[in-house]
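Secondary and tertiary structure notes
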Amino acid sequence: LFRSCVEGACALDCPDGQEACDGSCVDTNTSTLHCGTCGNACMDGGICDEGTCVCPAGEQICADSCVDTNNDPMHCGDCGEACAEGGICVDGGCECPDGGEVCGGVCRDTQTDNDHCGGCGIVCNGVCSAGECFDPSAIDISSRDAHTCAVLVDGTVRCWGLNNFGQLGNGY
């Protein structure tokens, strides 16, 4: 940095292509804090390209920030398009994780949620498992990889889940 003093006033002498901003010489064509002119800061995530604040390739300005609308759950597919609570943005579309379903603006696991058992708003006063409601009077429960069986108070057995090898019984 070079300082010059003329008639009692000192100033920064900046190299060609730079300006004195806040006591430093900066290139206003590339500085994200002084883009185009001193004090003009770029938005969050923005870059300064030839004195203009822009977003990196594949991103756009949403609410004063650069975002990738392909994976931002607050701006999924477009600015301001928020996913449901607990949702994720995949390739510009909202999804509930693990195959859940949006119920009342919130991602729910309809396979286990007693307030949304098997679908939105279906209340289960028992035990919700695999999207079905079961009587809470089970006296014993056993689970394996993808199936469950319960012995009920009356001695009957109720099984649910995957039955690709007859693990739930064959009905004989």
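A short tour of the structure in this document, coming up.

So, about the sheet that holds strand E17 (residues 157-161). What links the strands of a sheet is backbone hydrogen bonding, and the strands pair in either a parallel or an antiparallel sense. The 3 strands are arranged E15-E16-E17 in an open sheet whose pairing can be described as antiparallel. Lying at the two open borders of the sheet, with one neighbouring strand each, are strand E15 (138-143) and E17. Averaged over neighbouring strand pairs, the angle between their axes works out to 15° when direction is ignored.

Bringing the pairing of E17 into the picture now. Alignment of strand E16 (residues 147-152) against E17, held across 5 bridges, turns out to be antiparallel. Pairing of Val151 across the sheet is with Val157, part of E17. Following E16, the chain reverses through 4 residues before pairing antiparallel with E17; Gly155 in that reversal takes a positive phi of roughly 90°.

Tallying each qualifying case throughout the model produces 1 cavity of 30 Å³ or more. In this model, the largest cavity occupies a volume close to 50 Å³. What lines the largest cavity is Val127, Phe134, Asp135, Ala138, Ile141, Ala150, Leu152, Arg158 and Trp160. At the level of elements, E15, E16 and E17 are the ones that each hand at least two residues to the lining of the largest cavity.

A few words now on the pattern of salt bridges. A complete count under the given rule lists 2 salt bridges for this structure. Between Asp113 and Arg108 there is a salt bridge, and its shortest N-O distance comes to 3.9 Å. Using a relative accessible area of 31% as the deciding quantity, one classes Arg108 as partly exposed. Close ionic contact of Glu132 with Arg158 constitutes a salt bridge, the shortest N to O distance being 3.1 Å. Placement of Glu132 in strand E14 (residues 132-134) and of Arg158 in strand E17 is noted, with a sequence separation of 26 residues between them.

The rules behind the values
Note that residues are indexed from 1 along each chain, following the sequence as it is written. Thresholds applied to this predicted model are a pLDDT of at least 70 for local features of residues and 80 or more for the giving and counting of side-chain atom pairs; totals over whole chains, interfaces and linings are not thresholded and use all residues. Here the side-chain values reflect all heavy atoms present in the structure, with hydrogen atoms and water set aside. In this description, strands pair whenever DSSP reports at least two bridges between them. Under the DSSP-based scheme used, a helix requires at least four consecutive residues in state H or I and a strand at least two consecutive residues in state E, with every element numbered from the N terminus. All axes here are fitted lines through C-alpha atoms, helices being fitted over the stretch that makes contact, and every angle between N-to-C directions spans 0 to 180 degrees. Here a cavity is any set of points on a 1 Å grid over the protein atoms alone where a 1.4 Å probe fits but cannot get out, and a pocket is any open set with protein on both sides within 12 Å along at least 5 of 7 lines; a residue lines the site when it has an atom within 4 Å of a point. Grid points are joined across faces, edges and corners, and a volume is the space filled by probe spheres set on the points. Criterion for a salt bridge: a side-chain nitrogen of Lys or Arg within 4 Å of a carboxyl oxygen of Asp or Glu. Throughout this description, buried means an accessible area under 20% of the type-specific maximum (1.4 Å probe, protein chains only), exposed means over 50%, and partly exposed covers the range between.

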